[in-house]
Every structure is written in structure tokens, then in C-alpha cells.
Amino acid sequence: MSYSPSDIESKWQTIWNEKGAFEPLDDKSLDKKYILSMFPFPSGRLHMGHVRNYAIGDAMARYYRKQNYNVLHPIGWDAFGMPAENAAIKHGRHPKDWTYSNIDYMRKELNTLGLSFSSKREFATCDELYTKWEQEFIIKMFEEQLLYRESTTVNWCEDCHTVLANEQVEEGCCWRCDNEVELKEMPGYYLDIKKYADELLDDLKLLEGKWPSQVLAMQSNWIGKSQGLEFSFKFSDDSKAKLANKFEGFEVFTTRPDTVYGVTYTALAPEHPIVKALIKNELLDADIAEKITAMGNLSEVERAKADKEGYDLGLTVIHPLTGEETPVWTANFVLASYGGGAVMSVPTHDERDFEFATKYDLPLKYVIEGGEEGSAYTGEGALMNSAVFTGLSNVEAKAAIINHFEEQHLGKGTTNYKLRNWGISRQRYWGAPIPFVHCDACGLVAEKVENLPIALPEDVEITGEGNPLENHPTWSKCACPKCGADATRETDTLDTFVQSSWYQFRYATHPDKWNACGIDKEDVNYWLGVDQYIGGIEHAILHLLYARFFTKALRDLGFIDDLKEPFENLLTQGMVLMDGAKMSKSKGNTVDPDALIAKYGADTARLFTLFAAPPQKELEWNDSAVEGAFRFLKKLYDRKSKVITNSMPTIDHASLDKEEKLARAKVYDALKKSVDVYEKTFAFNTLIAACMEALNALDKQNNEQVWSEGLYIITHLLEPIVPHVCAELSEELFASENLAGKIELLEEVFVQDTITLGVAVNGKRRAEIEVDAGAQKEDIIAMAKESIAKWLEDVTVVKEIVVPNKMVNIVVK
């Protein structure tokens, strides 16, 4: 019978499903491996990025099962979020119906790939049971003052009557209706992630060598810990009067106190209270006020991309050390969220400040020796033009100047962070309701735990305008959990990153306990940390940072025991490209996994994605390489006729001929590579290539025992990558014996009777010779010279070099 992937794959998927083959065992005395791939959003169809991600994780899970580990390899659905609401608007379907029907379809797609996920531990984050326990965590965080509510500035679209994320603001306009976006003060809920900033930063050291260095650097930079000087600039008398004496000045933070004598201007964020007061009281030209307002309405991302822009506010402050008057500007590069929204600017020693100063012809004052006039010098050197600190190295001067500010009660040394507290409020329907109640008498009150979950109403109208929960006639009406009076339920829902911040603990909790608790400590103590986490580099900051934060917060709240990090090892897989571009429907350059599987089978799809490139690198789609993967599997399957025994044969290696020995060496070379590949490098492409070489070497000999041993080992090695065809061959040829446990590496096969050496003249390869493995140097040189005799005519041999087991080089002149 010829290779028929559809029949073979259907057969084995049915067998695995009926056996519950991939469920972890309850025996906690066993060594464990927790292999987790980031769960998908149920968009409706898998794409090739999913296939690659899950093929990588599945290869690891199957490998460790064969090594007799107790393996947890779960899957679920990151199911809340805006796309479901957008689909409801576009197609007139309820988000819940759209989401769960997509899950049903995508589950079938995952099954057709033969992925060895636990089916009993599958859940969707929109399941009410998942929401129940999540809401309990949120209430506990509120009680422990880790969660708070305050008003802040958000992106607001008046036309759509909704808040927009920064990513939904395009060139200052709403992504949906294209109307101008404004900044608006609105109350929202925040998690105090900054409380854990130092621990999040320090514990990155625990992940060195286990996570990609790029991800560690990105997280470190995002937290952005910096130490420096905090002090105040006081307004001049004229400026105080202009501001009706409502402002004394403003505070700034700098990491460069050594440059404080070089300040030639200060700058405020466009949304700073002082700037707002100037605009409100019409103390600026109407044209300038309008431009400043527009500048402030841009998202931080857009401001970072924009050219430097600013306006003189007509105010001055007094330099605290020199007493000089310094102008106050507003600038688009100053962010209200960092350092209080005000900066001191030293254009001679800061590239950004220099660019702004040269654009607006502001003064330059050098205070560190080095560099060239007319440019910003950011290197080290001795201070100049810095009063009593002149002559000190700028590194020493930092501490000395901070000390001086503190002694004179002008400022203080302090630590600042770029990291901001996590805003978790979303004015959306399809999300987990935030479990709080607003009572006129009691204020903000957490719902009683026994009343959880606070579930979403299903009878809503989703138009894209406003918050459907706010517009619902009855859902928000409730009794105060504290006093019983009429109250209003919170209509904001949780950011979807909340759901993906604790799902690793939910998977680890036995499904039999799901109704009784959100997280079971005993189960978590056994399964966590996740031994291998797999996902895209695009999640390097937000998801991974939030999951790390949740781990530390849940530990402190008593939901889990002492666990420092959730994910022990991280692999970030590269994107799947076509013609050099990321696959996307809008570009029309996608490949449908369903069609690929229908034509070639799941094993071919899996083999191609793992062979075409190392997992960490981008994968360029190649139709001919897919065909090549299919041909290899067909060849592997067809060679079953060569096998004559149903177990691992015992072979007398010494009695074999050269081709038979070479074939065994190639087979065992693949076996030797496999441990490193599956446990360390994940370079599946090298293992697959080694197996292909081994099969080619087997084809060049006819010893049936060598064939039997070869296929016994090759199917063992490839089973985690192409499980269906290997399970079929293993069952038919070896009663599945070779898919359990380890195979011993026989070093004898690497001992060759003869070796092939290249022969070079002056480094240029001219010939090859075959010599006995134990040949003496003199004999090797003699054979080498004989093979290149014509290149030695009329020349003098200067040197003879033998590189053991590789080559001979004859140097002549």
C-alpha cells in the first residue's frame, strides 16, 4: 500500500483521542515537563504561524513523553477582545456565538494537525467559570490596595462615544470613523505594577541564558529604572504674576545632574497643568494654543515618530544654582507620564535637546570638556563652566551635585521608572466585567465573592457606539453589597491581557477542582514553572511582563506559594513570510493550512515548518520545499519493505562492509544529535537533515538488518515531528516498541576502518584519498603526494601538513 496521509492521520488521531493519550497523569512523584505554547485568539481560522508555533511545542511534548516524563501540554482560547465586537457589527452576530463557533472550527483544525494537547484542560477565557475566579483575584487586589481607581487622560472618539487604545489612533484620528481623536479625563482602574518594578527588574537575572537576551533587554528598558536628581524650578516674579500666583514652579527629574549648569531652557508636556492653565485663561495666542492642543492630542507613539515641535510659553524660571532666568517651552517630546511631564534641557550634552534647540535657535552652553562646537557631546569628561564642580570628572560630579542639592534643601537624589501602572479598564462589552459597584452612600464597593461571577448580559445591541453595558436598560442596576441600597454596577470590562496573565496556573490546576478554586496550590507547586514557553517576539514586553507581575502578585495575595517566575525557558519563534513579507489576508499572500493538509497531510505541514528554518528565525514559504517534505515522507514510508524483523536487531559491526558501516554511522549520528536538538538548541532542521542523510545512506546498501535498525531509530527520532507516519510504521514494523523509552547510543558505529581525506596544494583542494583509520603520518603523506603527482612536477615541497581526519596540505614553491 502506498503512502496515504489522510488515511493514516485519521486513523491515529482517532486512536489517540479514544485512549486519551495526551492527558497528564495524576501521579506527582513522576518527573514532569510543562510545555506551553501561547494560546490563540479564536479568529476563525488557523494560519501558518499557528502551525509553526504548535508544531514546535508538540515536538517537545512528544519527545519528553517518550523519555517517561509526566507531560502537561495544554491549549485554550484567548477569547475576549475587540475583534469579536467588530465581527458582531460587521456580520450581525453576537460576540459569544461568533467566538464559540470559531473555537469549535479551530479545535478541529488543531486536531487534524495531530497536536498532542490535553483535551480535558481546554478552556476559553470567556467561560463564565474562568471569569468567576479572575474576578475574585481582582477583588483581592482591590482589598490589598494593589488595584485602585483614578481619573486619567484617555483617547476619546466623540463620534463613536468610546475610548480608543493608542494603537487605534491613526494620525490623530479614530481608526474606525476617521474623526479627530481628543484627549479626555476619565476614571479608570489601575494595577500598581510599579510596586513590583524592582523585583521584576532584579528577577530578570534568573532568566539569563533561559530567555532570549533581546527579550530581557526589552523588558529592562520598558521598566526603565533610572537614578538621578529631582528638584524644582521656581517661576520668576513676572511669570508668577502672569499665572495669577497659582503656580510656584514645577519639578523635574534628570539622570544627568552633572549637566545641570548647562541648562538653557526647560520644557513642559503639552498636557501639563501649567500649559492647560495658559490655554484656559487665554494667555497664549489662539493659533499657538490650537497647535499645542493638537500636539497634545497625538498618542505617545505618534509623538515619538513626529519631528520635534514646541512653542515658547512666555514664562521663565530661576535656575536654582546660578540664579539665571531660563525660558519655559512646551515640546512634543516631553511626556506627562514620565518625570512629572517637565524636563530640564541641556542641548550641548543631549541629542534630543540639541535637535530642538538648533531648530528654535536656543542658547548652547558646554559644561563637559570634549566633543566639538556645534554638536551635542554625550561622552565623559571633566566639568567646565560649573562653578565649584569645574574640574571634576562628570561621573564623580553626579553624586557631588546631588549631595549639594540635598544639603541646600534644593532637591534630592531619587529613583524613577518609565514603567507605568497598568490601566485595565476597557469601555467594551466583550470582556470580563470589573466586579465593583458604585453606591451613593458607600462609594466604590467590591461585589461579594459569593455573588461571582458577574456575567455579561446576552441581550445587548452592539453598534460600535458607546459601551453596550452602559446602554443596557437593567444590567447595571443592582443593590450595594455593603448597605443594600440601590447602586450601579461598574460597566467597564477588564483588559484582555489580564486573562492571559494567569492562564498558566489554570491549566496546571486539575479540571476536577475547577469548580472549587481558580488555582490549586498543590497542583501549581508540582507543575510550575513552565519548563518551556513558546510564542512570538511581539509579546516580549506586555504579555510576558504582565504574566510575571501576576505571578508575584498572586504569590503575595496567597493564591500560589513562593514562585519567582512563571516561565523557566522561553523560545520566541520567527514569523512565516512569503516573498519576504509577513503573511496577511490584506496582502493576499497567505497559505491556508486546511488546504495544505488536505493535499499533503499534516505530517508534511509539520515537517516543512520545522525543516525550512530554525524555530527562532523567520521562515520563508517555499512551495517546492513543501513538495520535498512530502517526497521524503513517501520515501520513508515506502522503505518499510526493507525491514525483516519486528524489533531492534543485534548487529556484528565488524562483519559489515564499508557502505553498511557508513549507513549505521549516519543513523547513529542522527541519534546523537537528537538530545541536544530536543532539549537545548531546538534546531529541528539539523535533526531532520541528519535523518534524511541517514535514509540516503541506507539506500546505498542492502543489509536487511541494517535497514531494520535504521528505520527503528529514524522513526523513533522523527515521531515527535511527524507522529502519524512514524506511529503507523512503528506499529506495522516494530509493534510500537521503538516509540517508548530511549535508544542506546553505540559508539562502535563511529569507528571507521578507513577515512577519506582531502588533499590540497598550497591550500587549494586537488584530490581525495582513502586511508586506513590507523595509518601512519608518513604513509598518509606518501599516498597524498601520489594522488597529486602532476601538481608536484617542477616544484619544491616546502612543508607537509596533516590535519587529522580531515585533510593533507602540501606547501610548494
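Bear in mind that the values here come from a model prediction, so they are computed numbers and not experimental data. (Residues numbered from 1 in each chain as written. Predicted model: local features only at pLDDT ≥ 70, side-chain atom pairs only at ≥ 80, totals over all residues. Heavy atoms only, no water.)

A.B. asks: Quick one: what's the story with the overall build of the protein, residue by residue and with numbers?
C.D. replies: Within the protein, the secondary structure is distributed over 26 helices and 30 strands. Referenced to the eigenvectors of the C-alpha coordinate spread, the extents of the protein come out at roughly 105 × 80 × 50 Å. Contacts spanning at least 24 positions in sequence make up 72% of the contacts within the protein whose residues lie at least 6 apart. Carbon together with sulfur atoms contributes 47% to the accessible area of the protein, which is approximately 36200 Å² in total. (Helix = DSSP H or I, 4+ residues; strand = E, 2+ residues; numbered from the N terminus. Contact = heavy atoms within 4.5 Å. Areas by Shrake-Rupley, 256 points an atom, 1.4 Å probe, with all protein chains shown as cover.)

A.B. asks: Which residues make up helix H18 (residues 542-556), and what values do they have?
C.D. replies: In a regular helix each residue adds 1.5 Å, so 15 residues correspond to 21 Å; H18 covers 21 Å between its end C-alpha atoms and thus fits that length. Among the 15 residues that make up H18, 13 are buried, leaving the element largely enclosed by the rest of the structure. Backbone geometry just downstream of H18 places Gly558 in the positive-phi region, at approximately 90 degrees. (Expected span 1.5 Å × (residues − 1). Buried < 20%, exposed > 50% of the residue type's maximum accessible area, 1.4 Å probe, protein only.)

A.B. asks: Kindly report on the domain arrangement of the protein, identifying the contributing residues and their values.
C.D. replies: By a widespread convention, an interface's size corresponds to the accessible area lost as its parts come together. Domain annotation of the protein identifies domain 1 (5-125 + 500-576), domain 2 (226-416), domain 3 (593-748) and domain 4 (752-812). If you average the C-alpha positions of domain 3 and of domain 4, the two centres end up 35 Å apart. (Domains from an automatic or database assignment.)

A.B. asks: Account for the packing of helix H2 (residues 48-66) against helix H20 (residues 602-611), naming residues and giving values.
C.D. replies: Between H2 and H20, the shortest axis-to-axis distance is 9 Å and the interhelical angle comes to 90 degrees. Here H2 is positioned roughly perpendicular relative to H20, judged by the angle of their axes. Contacts between H2 and H20 pair Met48, Val51, Arg52, Ala55, Ile56, Asp58, Ala59 and Arg62 from the former with Arg606, Thr609 and Leu610 from the latter. In terms of residue class, the contact of H2 with H20 is built from six nonpolar, one polar and four charged. (Axes fitted to C-alpha atoms, helices over the stretch in contact; angles between N-to-C directions. Parallel < 35°, antiparallel > 145°, perpendicular 65-115°, else oblique. Nonpolar A, V, L, I, M, F, W, Y, C, P; charged D, E, K, R; others polar.)

A.B. asks: Tell me what's going on with the nonpolar core, and back it up with residues and numbers.
C.D. replies: Core analysis: the largest hydrophobic core is formed by 171 residues, its most contacted members being Phe549, Phe684, Leu718 and Ile721. Residue contributions to this core reach at least three from each of two domains, namely domain 1 (5-125 + 500-576) and domain 3 (593-748). Contacts of Phe684, omitting those with residues within four sequence positions, involve Ile56, Ala59, Met60, Leu610, Pro615, Val677, Tyr678 and Ile721. Within the second largest apolar cluster, 34 residues are counted, among which are Leu229, Leu313, Val317 and Val346. (Core = buried A, V, L, I, M, F, W, Y, C linked by side-chain atoms within 4.5 Å.)

A.B. asks: Tell me what's going on with unusual backbone geometry, and back it up with residues and numbers.
C.D. replies: A cis amide bond links Leu452 to the next residue, Pro453, at an omega of 5 degrees. With respect to the helices, strands and loops of the structure, Pro453 is situated in the loop between strand E18 (443-446) and helix H14 (468-471). Residues Leu528 and Gly529 are joined by a peptide bond in cis, for which omega reads 0 degrees. If you trace the backbone, Gly529 turns up in the loop between helix H17 (521-527) and strand E22 (532-536). Its identity as a non-glycine residue notwithstanding, Asn68 has a phi of 70 degrees, on the positive side. Considering the arrangement of structural elements, one finds Asn68 in the loop between H2 and strand E2 (70-72). Look at Asp794: it is not a glycine, yet its phi comes out positive at around 60 degrees. Note on placement: Asp794 falls in the loop between helix H26 (777-787) and strand E29 (797-803).

A.B. asks: Which residues make up the side chain of Ser674, and what values do they have?
C.D. replies: Here Ser674 lies in helix H22 (residues 658-681). Accessibility expressed as a relative area gives 4% for Ser674, which makes it buried. A distance of 2.6 Å separates the side chain of Ser674 from the backbone oxygen of Leu671, its partner in a polar contact. Setting aside chain neighbours within four positions, we find Ser674 in contact with Leu687 and Leu717. (Polar contact = N/O pair within 3.5 Å; in protein donor to acceptor, adjacent residues only side chain to side chain.)

A.B. asks: Outline H22, listing residues and values.
C.D. replies: Here H22 is 24 residues long and its end C-alpha atoms lie 32 Å apart, about the 34 Å a rise of 1.5 Å per residue gives. Buried residues of H22: Glu660, Lys661, Ala663, Arg664, Ala665, Val667, Tyr668, Ala670, Leu671, Ser674, Val677 and Tyr678, and no others. Where H22 is buried, its residues meet H2, helix H23 (684-699) and helix H24 (704-718). The residue sitting at the N-terminus of H22 and contributing the capping side-chain oxygen is Asp657; that oxygen lies 3.2 Å from the backbone nitrogen of Glu659. Looking one or two residues past H22, Phe682 carries a phi angle of roughly 60 degrees, positive in sign.

A.B. asks: Outline the environment of Tyr377, supporting the account with residue identities and numerical values.
C.D. replies: Note on placement: Tyr377 falls in the loop between helix H12 (351-359) and helix H13 (394-407). The class of Tyr377 is buried, set by a relative accessible area of 19%. For the pair Tyr377 and Ala773, spaced 396 residues apart in the sequence, the C-alpha separation amounts to 64 Å. If we skip the residues at most four places from it in the chain, Tyr377 touches Thr348, His349, Ile368, Glu369, Gly370 and Gly371. A polar atom in the side chain of Tyr377 sits 2.4 Å from the backbone oxygen of Glu380.

A.B. asks: Hey, could you go over the sheet that holds strand E30 (residues 807-812) for me, with residue numbers and the actual values?
C.D. replies: Strand pairs in the sheet, formed through backbone hydrogen bonds, run parallel or antiparallel to each other. Strand order in the open sheet formed by four strands is E28-E27-E30-E29, with mixed pairing between adjacent strands. Because the sheet does not close on itself, it has two edges, and the strands there are strand E28 (764-772) and E29. Put simply, the sheet's adjacent strands are angled 20 degrees from each other on average, direction ignored. Sheet topology places E29 next to E30; six bridges connect them, and they run antiparallel. Its bridge partner lying in E30, Val802 is registered against Val808. (Pairing = 2+ DSSP bridges.)

A.B. asks: Explain the packing of aromatic side chains to me, using residue names and the numbers behind them.
C.D. replies: Inspection of the entire model under this criterion finds 45 aromatic pairs. Centre to centre, the rings of Tyr64 and Tyr69 are 5.3 Å apart; their planes meet at 90 degrees, and the pair counts as edge-to-face. Given a relative accessible area of 8%, Tyr64 falls into the buried group. Tyr69 gets classed as partly exposed once you look at its relative accessible area, which sits at 29%. The structure contains a cluster of three or more aromatic residues connected by ring pairs, namely Phe39, Phe123, Tyr130, Phe137, Trp502, Tyr503, Tyr507, Trp514 and Phe559. Above the plane of the ring of Phe750 lies Lys672, whose end atom (NZ or CZ) is 4.8 Å from the centre. When the ring centre of Trp791 is taken as reference, the NZ or CZ atom of Lys790 above it lies at 4.7 Å. (Phe/Tyr/Trp six-rings, centres within 6.5 Å; stacked < 30°, edge-to-face > 60°. Lys NZ or Arg CZ within 6 Å of the ring centre and 35° of its normal.)

A.B. asks: Explain the pattern of salt bridges to me, using residue names and the numbers behind them.
C.D. replies: For the structure on display, the rule yields 45 salt bridges. A salt bridge links Asp523 to Lys513, with the shortest nitrogen-to-oxygen separation between them at 3.2 Å. Here Asp523, found in helix H17, pairs with Lys513, found in the loop between helix H16 (503-508) and H17; they are ten residues apart in sequence, far enough to count as distant. Given a relative accessible area of 24%, Lys513 falls into the partly exposed group. Among the ionic contacts, a cluster of salt bridges with common partners joins Glu199, Asp203, Arg548, Lys552, Arg555, Asp556 and Glu565. (Salt bridge = Lys/Arg side-chain N within 4 Å of Asp/Glu carboxyl O.)

A.B. asks: Account for a negative patch on the surface, naming residues and giving values.
C.D. replies: A cluster of acidic side chains, namely Glu158, Asp159, Glu180, Glu182, Glu290 and Glu465, defines a negative patch on the protein surface. Mapping Glu180 onto the fold places it in the loop between strand E6 (173-174) and strand E7 (182-191). Here Glu180 falls in the exposed class, since its relative accessible area comes to 60%. (Patch = residues over 30% accessible without salt bridge, like charges linked within 9 Å, V, L, I, M, F, W, Y side chains within 5 Å. Lys, Arg positive; Asp, Glu negative; His and termini not counted. Charge placed at Lys NZ, Arg CZ, Asp CG, Glu CD.)

A.B. asks: Hey, could you go over the pairing of E18 for me, with residue numbers and the actual values?
C.D. replies: Pairing analysis gives four bridges linking strand E17 (residues 436-439) to E18, with the strands arranged antiparallel. Bridge pairing in E18 places Val437 opposite Val445. Between E17 and E18, which follow one another and run antiparallel, lie three residues.

A.B. asks: Outline the sheet that holds E22, listing residues and values.
C.D. replies: Spatially, the four strands line up as an open sheet ordered E2-E1-E22-E23, and their pairing is parallel. Each edge of the open sheet carries a strand with a single partner, namely E2 and strand E23 (570-573). Averaged over all neighbouring strand pairs, the angle between strand axes comes to 20 degrees, with direction disregarded. Relative to E23, E22 runs parallel, the two sharing four bridges.

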